[in-house]
Amino acid sequence: MNQYERFPISERLLNLWLEENIVHKIGMVKVVGNLDSCAWVEDGIYHIKKNGFTKLGTDDVSEKLRIFKSLISKYGNFERNGFMYRFNKGSWIRRRIIYKEQENEHVPTGKTD
């Protein structure tokens, strides 16, 4: 898949995905913010990267759910299971992510082909 495709995401589906990633600790979800900042949950652990530094966030599950819903609403994007989703012109679109192998870096680049 080289192009973005429309992919309707309901509020219910988004909540189920976040619950799977955050509560049940399955897979990863990531939100990219401004410039070099991002937040992601991998295996239930919340990470924040800002200004080149990575730190761990809160352990409270309900707080993580609230934070990620807020970040997705604010920035209109997230990554999950090898796809990048963006909110564009009133609907969600998605594209498969190409991960670049990087030394000493565990965070996916989020770049698309």
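Fair warning: this is a prediction, and the values are worked out from it, not measured in the lab. (Residues numbered from 1 in each chain as written. Predicted model: local features only at pLDDT ≥ 70, side-chain atom pairs only at ≥ 80, totals over all residues. Heavy atoms only, no water.)

## Section: the packing of helix H1 (residues 11-23) against helix H2 (residues 61-75)
The N-to-C vectors of H1 and H2 enclose an angle of 135 degrees; their axes lie 10 Å apart at closest approach. Taken together, H1 and H2 sit at an angle that is classed as oblique. The element H1 and its partner H2 pack so that their crossing is right-handed. For the pair formed by H1 and H2, the contact residues are Leu14, Asn15, Leu18, Glu19, Ile22 and Val23 on the first element and Val61, Lys64, Leu65, Phe68, Lys69 and Ile72 on the second. Split by residue class, the contact of H1 with H2 holds eight nonpolar, one polar and three charged. (Axes fitted to C-alpha atoms, helices over the stretch in contact; angles between N-to-C directions. Helix = DSSP H or I, 4+ residues; strand = E, 2+ residues; numbered from the N terminus. Parallel < 35°, antiparallel > 145°, perpendicular 65-115°, else oblique. Left-handed = near helix turned anticlockwise from the far one by under 90°. Contact = heavy atoms within 4.5 Å. Nonpolar A, V, L, I, M, F, W, Y, C, P; charged D, E, K, R; others polar.)

## Observations concerning the layout of surface pockets
In this structure, the largest pocket occupies an estimated 300 Å³ of space. For the largest pocket, the lining is made up of 17 residues, of which Ser37, Cys38, Lys49, Lys50 and Tyr75 are closest to its centre. Of all the secondary-structure elements, those providing two or more residues to the lining of the largest pocket are strand E2 (28-32), strand E3 (38-42), strand E4 (45-50) and H2. Class assignment of the residues belonging to the lining of the largest pocket gives a composition of nine nonpolar, four polar and four charged. (1 Å grid on protein atoms, 1.4 Å probe; cavity = no way out; pocket = protein on both sides within 12 Å on 5 of 7 lines; lining within 4 Å. Points joined across faces, edges and corners; volume = space filled by probe spheres on them.)

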